[in-house]
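Working through the structure, step by step
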Amino acid sequence: QVQLVESGGGLVQPGGSLRLSCAASGSIYSINTMGWYRQAPGKQRELVAVITSDGSTNYAASVKGRFTISRDNTKRTVYLQMNSLKPEDTAVYYCNANLKTHLDTWYTTYWGQGTQVTVSS
């Protein structure tokens, strides 16, 4: 069984920073991409940032320059450093990983349960 567990969410003032973490556990053979998505009230879930196994990154235009995604392959963990936070960043942030277990033939997508990020004064 594979599990993705997010942490680091919370309440922060505009202009502040948060660092989200997502650790993958279980019988994992390899992890391809890992990413962060978010869903704000009344909106669809959107891609925030994604990082490939070799470290290549892509960001949503709305967060580029403010957020940084990184990963530690030995810890099977992906991070999202969020700086200069805005109220518009308020959402539930979900970790995503495309990975293989030791029994998988191909990669499968897994999701974390989400962590709330609230940016407010």
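Parameters and conventions
- Residues numbered from 1 in each chain as written.
- Predicted model: local features only at pLDDT ≥ 70, side-chain atom pairs only at ≥ 80, totals over all residues.
- Heavy atoms only, no water.
- Helix = DSSP H or I, 4+ residues; strand = E, 2+ residues; numbered from the N terminus.
- Polar contact = N/O pair within 3.5 Å; in protein donor to acceptor, adjacent residues only side chain to side chain.
- Contact = heavy atoms within 4.5 Å.
- Disulfide = S-S within 2.5 Å.
- Buried < 20%, exposed > 50% of the residue type's maximum accessible area, 1.4 Å probe, protein only.
- Salt bridge = Lys/Arg side-chain N within 4 Å of Asp/Glu carboxyl O.

Below, the discussion takes up the side chain of Thr-77. Tracing the sequence through the fold places Thr-77 in strand S8 (residues 77–82). A polar contact is formed between the side chain of Thr-77 and the backbone oxygen of Lys-75, at a distance of 2.9 Å. Among all residues touching Thr-77, those that are not within four sequence positions of it are Ser-21, Cys-22, Ala-23, Met-34, Ser-70, Arg-71 and Asp-72.

A few words now on the state of the cysteines. This structure, assessed with the given rule, holds one disulfide. Note that Cys-22 is cross-linked by a disulfide to Cys-95, the S-S spacing being 2.0 Å. Of note, the bridge from Cys-22 to Cys-95 carries an S-S torsion of about -85° and is left-handed in sense. Residue Cys-22 is located in strand S3 (residues 18–25), and its partner Cys-95 is located in strand S9 (residues 91–101); the two are separated by 73 residues in the primary sequence. Residue Cys-22 shares its accessibility class with Cys-95, and that shared class is buried.

Summed over the entire model, instances satisfying the criterion amount to three salt bridges. Between Arg-38 and Glu-46 there is a salt bridge, with its nearest N and O atoms 2.8 Å apart. Exposure remark for Arg-38: the relative accessible area of 6% places this residue in the buried category. The partner of Arg-66 in a salt bridge is Asp-89, and the shortest N-O contact between them spans 2.7 Å. Here the residue Arg-66 occupies a position in the loop between strand S6 (57–59) and strand S7 (67–72), and Asp-89 occupies one in the loop between S8 and S9, the gap between them amounting to 23 residues. In this structure, Arg-66 and Asp-89 share a single accessibility class: buried. Three or more residues joined by partner-sharing salt bridges are found here, namely Arg-38, Glu-46, Arg-66 and Asp-89.

Function cannot be inferred from these measures alone, as they are strictly geometric.
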